[in-house]
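Coordinate analysis (summary)
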Amino acid sequence: MRLKLTVLLALSWPVFATAADAVGEVDTVFKFIGPDHKIVVDAHDDPKVSGVTCYVSRAKTGGIKGGLGLAEDKSEASIACRQTGPIGFAKPLPQQEEVFNERTSLIFKKLRIVRMVDAKRNTLVYLTYSDRVIEGSPQNSISAVPVDRGTPIPVK
């Protein structure tokens, strides 16, 4: 009964995330039953900054639990953000804002990307980390995208 309630809550819980584009994946451990363990690479375009894309690599658990969507992925992730076109801002940015999140377990764990503005250096800083309802992970990765001084970053 408890498992049914957990599954029902997980399926009905709203997911607030921007879409990620799958770039590729590599298998790391062969599994006889279910998908292999792998490392996946996704591209995330910053929804409020045109011309910036963040590439995130992370572990994806396979096996029976992974195939059913019941596995909890590891907290390790790496991020590299790059200018992929002319940088533009539709409106001022908050000093710090979550720009993406994705569930990495049935209910309790999320991978997050947070954008911070370093106004003094005119640079966008992106941090990725994983958190849990009860206990997060200190493992994180960071990337920075310097913006040309001719295009000052508007901050709220």
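Placed above this text is the structure.
Notes on the structure in this doc start here. (Residues numbered from 1 in each chain as written. Predicted model: local features only at pLDDT ≥ 70, side-chain atom pairs only at ≥ 80, totals over all residues. Heavy atoms only, no water.)

Helices and strands together make up the secondary structure of the chain, namely 2 helices and 8 strands. Beginning at the N terminus, the succession of helices and strands in the chain can be written as α-β-β-β-α-β-β-β-β-β. In the chain, which comprises 156 residues, the proportion classed as buried is 38%. Across the chain, contacts joining residues at least 24 apart in sequence account for 49% of those joining residues at least 6 apart. Carbon and sulfur atoms make up 60% of the accessible area of the chain, which amounts to about 9,500 Å² in all. (Helix = DSSP H or I, 4+ residues; strand = E, 2+ residues; numbered from the N terminus. Buried < 20%, exposed > 50% of the residue type's maximum accessible area, 1.4 Å probe, protein only. Contact = heavy atoms within 4.5 Å. Areas by Shrake-Rupley, 256 points an atom, 1.4 Å probe, with all protein chains shown as cover.)

A few words now on the nonpolar core. Counting 20 residues, the largest nonpolar core has Val49, Leu124 and Tyr126 as the members making the most contacts within it. Only strand E3 (49–60), strand E4 (77–89), strand E5 (96–103), strand E6 (109–118) and strand E7 (123–132) provide two or more residues apiece to this core. Broken down by element, this core gets its largest block of residues, 5 residues, from E4. What Val49 contacts, discounting residues up to four positions off in sequence, is Ile87, Gly88, Phe89, Leu93, Arg115, Leu124 and Tyr126. (Core = buried A, V, L, I, M, F, W, Y, C linked by side-chain atoms within 4.5 Å.)

The next thing to look at is unusual backbone geometry. The backbone phi angle of Asn122 is positive, close to 50°, even though this residue is not glycine. Within the secondary structure, Asn122 sits in the loop between E6 and E7. With relative accessibility at 5%, the residue Asn122 sits in the buried group.

On the surface, Phe30, Phe32 and Ile33 cluster together to form a nonpolar patch covering roughly 430 Å² of accessible area. With respect to the helices and strands, the residue Phe32 is situated in the loop between strand E1 (21–29) and strand E2 (37–45). Accessibility expressed as a relative area gives 79% for Phe32, which makes it exposed. (Patch = residues over 30% accessible without salt bridge, like charges linked within 9 Å, V, L, I, M, F, W, Y side chains within 5 Å. Salt bridge = Lys/Arg side-chain N within 4 Å of Asp/Glu carboxyl O.)

Pairing of side chains with opposite charge becomes possible as their charged atoms draw close. All told, the structure shown has 8 salt bridges when counted by the stated rule. A salt bridge links Asp42 to Arg58; the shortest N-O distance between them is 3.9 Å. Taken as a pair, Asp42 in strand E2 and Arg58 in strand E3 lie far apart in primary sequence, 16 residues in all. The exposure class assigned to Asp42 is buried, which follows from its relative accessible area of 11%. Between Glu102 and Arg58 there is a salt bridge, with its nearest N and O atoms 3.0 Å apart. With Glu102 in strand E5 and Arg58 in strand E3, this pair connects stretches of sequence that are 44 residues apart.

Attention now goes to the state of the cysteines. In a disulfide, the sulfur atoms of two cysteines are held together by a covalent bond. Taken as a whole and judged by the stated rule, the model has 1 disulfide. Shown here is the disulfide that connects Cys54 with Cys81, its sulfur atoms set 2.1 Å apart. Judged by the sign of its S-S torsion, about 105°, the cystine formed by Cys54 and Cys81 is right-handed. Remark: Cys81 occurs in strand E4 and Cys54 occurs in strand E3; sequence separation between them is 27 residues. The two residues Cys54 and Cys81 agree in class, both being buried. (Disulfide = S-S within 2.5 Å.)

So, about the environment of Gly150. Tracing the backbone through its elements, the reader meets Gly150 in the segment after strand E8 (140–146). We classify Gly150 as exposed; its relative accessible area is 62%. Residues Gly150 and Asn122 lie 28 residues apart in sequence; the distance between their C-alpha atoms is 9.7 Å.

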